[in-house]
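# A look at the structure
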Amino acid sequence: MDFRRLLRLSAAGLAAAGLLLSGCTSDDSSSGEASPESGAPTALKKYYGQKIDWHGCGVPEFKCASLRVPLDYDRPNGTEIKLAIARKKATGPGERLGSLHVNPGGPGGSAIDYLQGYAGIGYPAPVRDRYDMVAMDPRGVARSAPVECLTGKEMDAHTQVDQTPDEPAERSLLAESFKKLAESCEKQSAELLPHVSTVEAARDMDIFRAVLRDEKLTYVGASYGTFLGATYAELFPRRVGRLVLDGAMDPSLPAEELNRDQTAGFETAFQAFAEDCAKHPDCPLGTGAPEEAGRRLTAFFKALDRKPIPTGEPRKLGESLATTGVINAMYDESAWPGLRESLSSAIDDDDGSGLLALADSYYEREGDGSYTNLMFANAAVNCLDLPPAFEKPADVDAAVPSFKEASPVFGTGLAWASLNCAYWPTNATGTPHRIEAKGAPPILVVGTTRDPATPYKWARSLAEQLSSGVLLTYNGDGHTAYGRGSDCVDTAINTYLLEGTPPKNGKKC
């Protein structure tokens, strides 16, 4: 449950998870020549000028294809990889506005699943009428040269390791689990691991923009997708069109501070859940103050640490899986009733099936016991983008008090989970830094006041860093704001996408 594993899909992206593409049959093609404004370096002309052969892919109205990019941009004549792309063409009335790229976050979330399962059918009709809706699984993710690591059984074991170690033996087991993950990824994906950074993904996105013959990039990114979008703006400020960064990250913060901030974000979300739960007489955490609910949940977690409970299948529900299940429900307040029911079943009836299902959804565990590569790509990207939060277990020991201050409920586990990049086989190539993107047109940054995964202060910070940043605030719960029921938010974003006019900086909804 490293913060960067938690910083993953928007609520809509969770709903889209698991929608897979079937085999493709050719019925459409596009020349996809690079626009004159692409400014492609000579060594990359063959990529910017490539032709795209669009195919049907088993989902009505959507077409799929592959995009060629260099594995290593410093060696453009070396190994190539293919990235999966998808499109749903604009069919409505009005002037066509080009392509609208979408990314649901992660890192590791499939943008194609998000496009086909939500954005391409669920974004407001006026937006879909005038934009071709497009997506690319970033390098290392899903169908795009995926990072491969643990088997399903190995991943089951990894997700059940105690992340609140109470003694040296438990600390060793946790460290060994992180090492095994890293070694497995290196064994199966050694050539790819040094080349899945967000900077490289942003460069891929510019090639995609060019072959679609768009002079500017129009983009909606959620969660980690905001960092990808901001990185694009930093690299290509003159090619920025209309960028919406919803549930923003703060690129200026080091990993430890990001993790601690997010820990506090989940505490804020839990308190909101506890206040709502207390309104119901059947609340399994009592009807008192949020602090009392937190103590009860902590006691429940400790009981599971001592003795896991049945789930109706061979895996039992221990503390780690239960914590993941609770955290998953914090992303979207519509999941709170189900969380109350799952907690009641677990606490009152020793039935852990509901919380296990929430944990499995978070990890994208399939019914056959396999996993998508979400968590593998997540670690690979994040451990490359920033130096590790901690180098060794002793560093975690020193940090636990500050994490527990940020969240009495989740602090210890999230501190220890932050150890994962300490054992990663490739050194980080990125560093924390401010992103200004000087020369870019207005960029819309959206923050939700009680967002658990991307705390609101990150949105404020990113909007301030960007030379053309415009902040839109949603006073509400859950992760991200667009399409979550606020007419105020949706109208402001739609107007920006359709007319190019952002809301007034600092607008609140």
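So, here's what we can say about the structure. (Residues numbered from 1 in each chain as written. Predicted model: local features only at pLDDT ≥ 70, side-chain atom pairs only at ≥ 80, totals over all residues. Heavy atoms only, no water.)

### Brief notes about the state of the cysteines
- With the rule as written, the count across this model stands at five disulfides.
- Note that Cys57 is cross-linked by a disulfide to Cys64, the S-S spacing being 2.1 Å. Across the S-S bond linking Cys57 and Cys64, the dihedral sits near 65 degrees, which makes this disulfide right-handed.
- Judged by its relative accessible area of 4%, Cys64 is buried.
- A sulfur-sulfur separation of 2.0 Å characterises the disulfide bridge that pairs Cys383 with Cys421. Judged by the sign of its S-S torsion, about -85 degrees, the bond between Cys383 and Cys421 is left-handed. On the criterion of sequence distance, the pair formed by Cys383 in helix H15 (residues 374-385) and Cys421 in the loop between helix H17 (411-417) and strand S9 (443-450) is long-range, its members being 38 residues apart.
- Residue classification places Cys383 among the buried residues on the basis of a relative accessible area of 3%.
- Sequence-ordered numbering of the disulfide-bonded cysteines in the protein gives the connectivity 1-2, 3-4, 5-6, 7-8, 9-10. (Disulfide = S-S within 2.5 Å. Buried < 20%, exposed > 50% of the residue type's maximum accessible area, 1.4 Å probe, protein only. Helix = DSSP H or I, 4+ residues; strand = E, 2+ residues; numbered from the N terminus.)

### Focus on helix H18 (residues 456-465)
- With seven of 10 residues buried, H18 is to be regarded as a mostly interior element.
- Taken as a whole, H18 has its buried residues at Tyr456, Trp458, Ala459, Ser461, Leu462, Ala463 and Gln465.

### A look at helix H11 (residues 290-306)
- Between its terminal C-alpha atoms H11 stretches 25 Å, which fits the 24 Å expected from 17 residues at 1.5 Å a residue.
- By the burial criterion, the buried members of H11 are Pro290, Ala293, Gly294, Leu297, Phe300, Phe301 and Leu304. The buried residues of H11 occupy an angular sector of 125 degrees when projected down its axis, which confines them to one face. Seen from the open side of H11, the exposed residues pointing more than 90 degrees away from its buried face are Arg295, Lys302 and Arg306. (Expected span 1.5 Å × (residues − 1). Arc of directions from axis to C-beta.)

### Observations regarding the nonpolar core
- Membership of the largest hydrophobic core comes to 126 residues, with the highest contact counts inside it found for Leu67, Phe270 and Leu355.
- Sorting elements by how many residues they give to this core places helix H10 (residues 255-277) first, with nine residues.
- Apart from the residues within four sequence positions on either side, Leu355 is in contact with Phe300, Leu317, Leu321, Ala322, Gly325, Val326, Leu339, Ser342, Leu343 and Ala346.
- Counting residues in hydrophobic clusters, the runner-up holds 34 residues, among them Met133, Ala135, Val446 and Tyr474. (Core = buried A, V, L, I, M, F, W, Y, C linked by side-chain atoms within 4.5 Å. Contact = heavy atoms within 4.5 Å.)

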